[in-house]
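# A look at the structure
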Amino acid sequence: MPDFDVVLVNVDKTFDGDVRAVIDFNAEIEHGEFVAMLGPSGCGKTTTLRMIGGLEEVTEGKIYIAGQDVTDLAPSQRDTSMMFQSFALFPHRTVHQNVEFSLKVKGIERGERDRQVGEMLQMVSLDELADRYPRDLSGGQQQRVALARALISKPTVLLLDEPLGALDYSLRQQMMVELKKIQRELGITFIMVTHSQQEAMSMADKVIVMSDAIIQQTGTSREIYEAPRTRFVADFIGNNNVFEGTIQSRSGSIVFVESDDGHLFYVRAHHDDNRAVEIGRRAHFSVRADLVHAGVHAGMANQVEGSYVATEFLGSLETDVFEVGGGVLVHVEQHRSASDRSYEMGDRETICWPAEAAVLLLD
Ligand SMILES: Nc1ncnc2c1ncn2[C@@H]1O[C@H](COP(=O)(O)OP(=O)(O)OP(=O)(O)O)[C@@H](O)[C@H]1O
Ligand SMILES: [Mg+2]
């Protein structure tokens, strides 16, 4: 297995009492990759991370780290380090002593310890705070101490469980950039668990979307954003309009889906799964809100009539919401300029999008 740092093959975890926490998890993670496991609470993220780190036994399947089968090895025999969901610093030790701890346990001598800790504190921009105690640090600074402590052993793989979970919005934005920068500089493989799609999409090279113990989709942020594979992913990633209908016909990679009120839509079938495109099958498809237009536009293969319901604001972006047939709400996201039409409740408008904007979903 060339260059894969972490490989999981058909990994299952069932807890006592028949709780199936992880089902048939497969992943190949390359050296130096930043991977995010993304999904709602309880979907099995922490359990998967703990199995990689050896803190939880697998019920079924194999785990390889740097080409070695580690399935039955203890945590200390794996080249991983973990930053826990709720990390605890030693309160009576300084920043320097907190970071130094694992080097001391390993019996590394003082001069070498000081050198390595100094370097690491510089890396996370804490060198000036080396003598402070945790209680005298901000939340973000404490987070960086925990990060430095996990990184000091120079693991092949760092496992991070919601590393930014406890931080407020602006600190989180700042730490996202720093974490990514540190990962790049060290070239260490990071596997990070998060339930925030923004964190996953902005930091990770590869995103694994999970729900209910299974992987829904693995891909780059762009792939997941532009071509969600399942209905769950389309809903969870946000910014997607999901429609339902019956598959009428197929022409190459384009499928024609008829909605219950008789509209025919062009939909891109990007799956090799032929089951998903059977004629007569009920199907969902999604269209990103930023690819939908209000008003009549030339060259748009898909068109429906709707009535205006509301407008949602987010900075310079505005999302107009229209109700189309069958009570479906369609979000139309656009950058507003002063000359654009403004709507009154109930106004009729044409909503359209190009053929390739719609993606067929698996349920
Ligand atoms: N030791 C355990 N014994 C029994 N069930 C467990 C145990 N640990 C976790 N579970 C169950 O396994 C499932 C997955 O839990 P896990 O902690 O992996 O979720 P998570 O995705 O990390 O959620 P969160 O985002 O809330 O941290 C949950 O249903 C949970 O209740
Ligand atoms: Mg968790």
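Remember, it's a predicted structure, so these values are computed and weren't measured experimentally.

The rules behind the values
- Residues numbered from 1 in each chain as written.
- Chains lettered and ligands numbered in written order.
- Predicted model: local features only at pLDDT ≥ 70, side-chain atom pairs only at ≥ 80, totals over all residues.
- Heavy atoms only, no water.
- Near = heavy atom within 4 Å.
- Polar contact = N/O pair within 3.5 Å; in protein donor to acceptor, adjacent residues only side chain to side chain.
- Areas by Shrake-Rupley, 256 points an atom, 1.4 Å probe, with all protein chains shown as cover.
- Helix = DSSP H or I, 4+ residues; strand = E, 2+ residues; numbered from the N terminus.
- Nonpolar A, V, L, I, M, F, W, Y, C, P; charged D, E, K, R; others polar.
- Pairing = 2+ DSSP bridges.
- Contact = heavy atoms within 4.5 Å.
- Domains from an automatic or database assignment.
- Buried area = accessible area lost by both parts, 1.4 Å probe.

### Describing the site of ligand 1
- Around ligand 1 lies a shell formed by Phe-15, Val-19, Ala-21, Pro-40, Ser-41, Gly-42, Cys-43, Gly-44, Lys-45, Thr-46, Thr-47 and Gln-85.
- Gly-44 is positioned with one of its backbone polar atoms (N or O) 3.0 Å from an oxygen atom of ligand 1.
- Within the side chain of Thr-46, a nitrogen or oxygen atom sits 2.7 Å from an oxygen atom of ligand 1.
- Notes on ligand 1: free accessible area 640 Å², of which the protein chains cover 61%.
- Counting residues per element, the ones that place at least two in the shell around ligand 1 are strand S2 (19-30) and helix H1 (45-53).
- With three residues, the top contributor of residues to the shell around ligand 1 is H1.
- Of the residues assigned to the shell around ligand 1, the class counts are five nonpolar, six polar and one charged.

### Quick word on the pairing of strand S16 (residues 302-314)
- The pairing of S16 with strand S19 (residues 348-353) spans six bridges and is antiparallel. Within S19, the position partnered with Gly-306 by the bridge is Glu-349.
- Summarising the sheet, S16 and strand S17 (residues 317-324) pair through seven bridges and their orientation is antiparallel. The residue of S17 that forms the bridge with Tyr-308 is Phe-322.
- Linking two consecutive strands that pair antiparallel, namely S16 and S17, is a turn of two residues; a positive phi of about 60° is found at Gly-315 within it.

### Side note on the environment of Val-6
- Note that Val-6 resides in strand S1 (residues 4-15).
- In this structure the C-alpha to C-alpha distance between Val-6 and Arg-78, which are 72 residues apart in sequence, comes to 11 Å.
- Leaving out residues up to four positions away in the same chain, Val-6 has contacts with Ala-27, Glu-28, Ile-29, Ile-52, Tyr-64, Val-157 and Ile-191.

### Some points on the domain arrangement of the chain
- Annotation of the chain at the domain level lists domain 1 (4-226) and domain 2 (236-361).
- One C-alpha centre belongs to domain 1, the other to domain 2, and the line joining them spans 38 Å.
- The partner domain 2 presents seven residues to the nine residues of domain 1 that form the contact.
- Interface area, domain 1 with domain 2, both sides summed: about 710 Å², of which 63% is carbon and sulfur.
- By the criterion of area lost to domain 2, the three top residues of domain 1 are Gln-197, Tyr-225 and Glu-226, representing 64% of everything that side buries.

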